[in-house]
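# Residue-level structural notes
Here's the letter readout for the chains.
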Number of protein chains: 4
Amino acid sequence: MNPGSGRVFATRIPVRFGDCDPAGIVFYPRYFEMINGLVEDWCGQALSTSFHDMHLRDGWGLPTVHLETDFLAPSELGENLQAELRVEKMGGASLHLAIRLLGPDNAERVRAKVVLVAMDLKERRAIPMPREFAIRANTYCGTDTAEPTN
Amino acid sequence: MNPGSGRVFATRIPVRFGDCDPAGIVFYPRYFEMINGLVEDWCGQALSTSFHDMHLRDGWGLPTVHLETDFLAPSELGENLQAELRVEKMGGASLHLAIRLLGPDNAERVRAKVVLVAMDLKERRAIPMPREFAIRANTYCGTDTAEPTN
Amino acid sequence: MNPGSGRVFATRIPVRFGDCDPAGIVFYPRYFEMINGLVEDWCGQALSTSFHDMHLRDGWGLPTVHLETDFLAPSELGENLQAELRVEKMGGASLHLAIRLLGPDNAERVRAKVVLVAMDLKERRAIPMPREFAIRANTYCGTDTAEPTN
Amino acid sequence: MNPGSGRVFATRIPVRFGDCDPAGIVFYPRYFEMINGLVEDWCGQALSTSFHDMHLRDGWGLPTVHLETDFLAPSELGENLQAELRVEKMGGASLHLAIRLLGPDNAERVRAKVVLVAMDLKERRAIPMPREFAIRANTYCGTDTAEPTN
């Protein structure tokens, strides 16, 4: 698969009261809800594949099979985070995403590598990503896949 | 349906870090996760009907259609709440529950009336509760159904 | 206090994957996270009082002390809900809100009455709402306040 | 610091309805709530340091600064997971935990490395772990720290 244009999918995510813990900062499991929402928005808005259609109509999903995350600085109630998603690498069934959440000061708060695998929800086994989906996803792949990533 | 023995189903629920907000007390939507868990435990442990079997094997559920809740005092991180469930009233498809969450001081923190309706998940329409389930649930009904419960 | 213009504060809330349960519809405690977010947006965007400043700078909050909710129809993954907030009644320390969540078909999904009370977070006792806040909130009050508010 | 006895802290975690997504399996951010709860229970039950006292009385916390997670198999509604925690490595301010969640079949569902850092909540800077806490935590450290743990 050829490297795409290396586009970045970006969105804004507010830090809500319900995201914050008694220390007044984001409770880290909520970052993963934000990240899941970012992937959901990317699929729906950029790849023309809403999670609704994917899961409930077409019977497949993109469960997360691996992730690595650095929490670099805390995020506070009321901040607006900049969320960015790039595709690092693609296999037939897998998507390696590089995700960053940035604070209002543009400094990194969270840096995550997330590996998703296309899965048939009924059979619960990995399947090749649908072709159209893969082609669109690939346009967010910025790394020449000849050179190994991670 | 005759009044049952008026038993109470009770369980303990810890207030976890992830339940608490920047004020250091339970974020109120999390009380409803606790209440949902209480109903889930009641069905599974007391009524021999796990939510797994109900939803995934037998195709029905008990969605909440109405609730009224008083939040009487805040609950703090680390407290162990006593959760109590009684059946106030039963219809063919509906369950009216009276739920209380008590603090370590035995004072009420949350008092809720919750109305559940048995629903066929595929058709998304109300159905009569399964007979065995209704009979078991009725043993938690403490109010003589001749006297109206609001 | 004079009756306000009865304005409605409205916003859009997407139903995300993480909001939905094994039945593919919104898990009801998540509706209260949506409702809390709506109140948060209203305070921040319409009343110039962000939850950050309220809680972390000024030391007060608006905990929910009572709510009544009807869940009229399920909401599905991927839907965009219209959320509406009106002030029904105001006391010195309390705000009675009428909240509706509407589906894409404009039908009501959730109807809630929510009572909030201004609270000093340190002392944990009710306090009069700050004057400027109350004046702005009152412009969302559609009921003639000549009829007594509790 | 000498290797401790290599004890394992273990607990059971039920997979609740509210943990599951439209595919009927655990929504992965909820695994991190489980893992946070496991750490919370370990601190409170095994290390005599409740999160309440740590955060609200003593003004320090253990935020997660790094994690690596493999999601090896999905977990279903109603399953009871076995959660296990070991200390892999300790620094003056940091705790490296190895965490596993196992299914009823004893197979690994989730495997996580979690790095926590003791932090002064007010100053928001790393601090040495309190001595008593560190001594107790060290008894869960099973790896001879002479041999590097990745």
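Let us look at the structure shown here. None of the values given here were measured: they were computed from a predicted structure. (Residues numbered from 1 in each chain as written. Chains lettered and ligands numbered in written order. Predicted model: local features only at pLDDT ≥ 70, side-chain atom pairs only at ≥ 80, totals over all residues. Heavy atoms only, no water.)

## Overview of helix 1 (residues 28-46) of chain C
Residue and element names in this part refer to chain C. Here helix 1 is 19 residues long and its end C-alpha atoms lie 26 Å apart, about the 27 Å a rise of 1.5 Å per residue gives. Within helix 1, 16 of the 19 residues are buried, which leaves it mostly tucked inside the rest of the structure. Just downstream of helix 1 lies S48, where phi reads positive at about 55°. (Helix = DSSP H or I, 4+ residues; strand = E, 2+ residues; numbered from the N terminus. Expected span 1.5 Å × (residues − 1). Buried < 20%, exposed > 50% of the residue type's maximum accessible area, 1.4 Å probe, protein only.)

## Some thoughts on the relation of the copies chain B and chain C
In the superposition of chain B on chain C (RMSD 0.0 Å, axial shift 0.0 Å), the rotation amounts to 180°. Interpreted geometrically, this transformation is the action of a two-fold axis. Residue E68(B) of chain B places its C-alpha closer to the rotation axis than any other residue of that unit, at 2.1 Å. (Least-squares fit on C-alpha atoms with pLDDT ≥ 70 in both.)

## So, the relation of the copies chain D and chain A
The operation relating chain D to chain A is a screw motion whose rotation component is 180°, with 0.0 Å of axial translation and a residual RMSD of 0.0 Å. Both copies contact each other with a shared surface, as 100% of the interface residues of chain D are interface residues in chain A too. (Contact = heavy atoms within 4.5 Å.)

## Considerations on the sheet that holds strand 7 (residues 119-120) of chain A
In sheet architecture, strand pairing relies on hydrogen bonds along the backbone and comes in two forms, parallel and antiparallel. Residues and elements named next belong to chain A. One open sheet accounts for 3 strands, arranged 2-7-8; its pairing is antiparallel. Each having just a single partner strand, strand 2 (60-61) and strand 8 (125-126) make up the two edges of the open sheet. When strand 2 meets strand 7, the two strands line up antiparallel, connected through 2 bridges. Across the sheet, G61 pairs through a bridge with M119, a residue of strand 7. (Pairing = 2+ DSSP bridges.)

## Here's the deal with the packing of helix 1 (residues 28-46) of chain B against helix 1 of chain C
Two elements in contact, helix 1 of chain B and helix 1 of chain C, have axes whose closest approach is 8 Å; the angle formed by their N-to-C orientations is 175°. Taken together, the axis directions place helix 1 of chain B and helix 1 of chain C in an arrangement best described as roughly antiparallel. The segment helix 1 of chain B lies against helix 1 of chain C, with Y28(B), P29(B), F32(B), E33(B), I35(B) and N36(B) engaging Y28(C), P29(C), F32(C), E33(C), I35(C) and N36(C). Each residue belonging to the contact of helix 1 of chain B with helix 1 of chain C can be placed in one class, and the counts come to 8 nonpolar, 2 polar and 2 charged. (Axes fitted to C-alpha atoms, helices over the stretch in contact; angles between N-to-C directions. Parallel < 35°, antiparallel > 145°, perpendicular 65-115°, else oblique. Nonpolar A, V, L, I, M, F, W, Y, C, P; charged D, E, K, R; others polar.)

## Quick notes on unusual backbone geometry
At N106(C), a position not held by glycine, the phi torsion is positive, near 70°. Position of N106(C) among the secondary structure elements: in the loop between strand 5 (94-102) and strand 6 (108-117).

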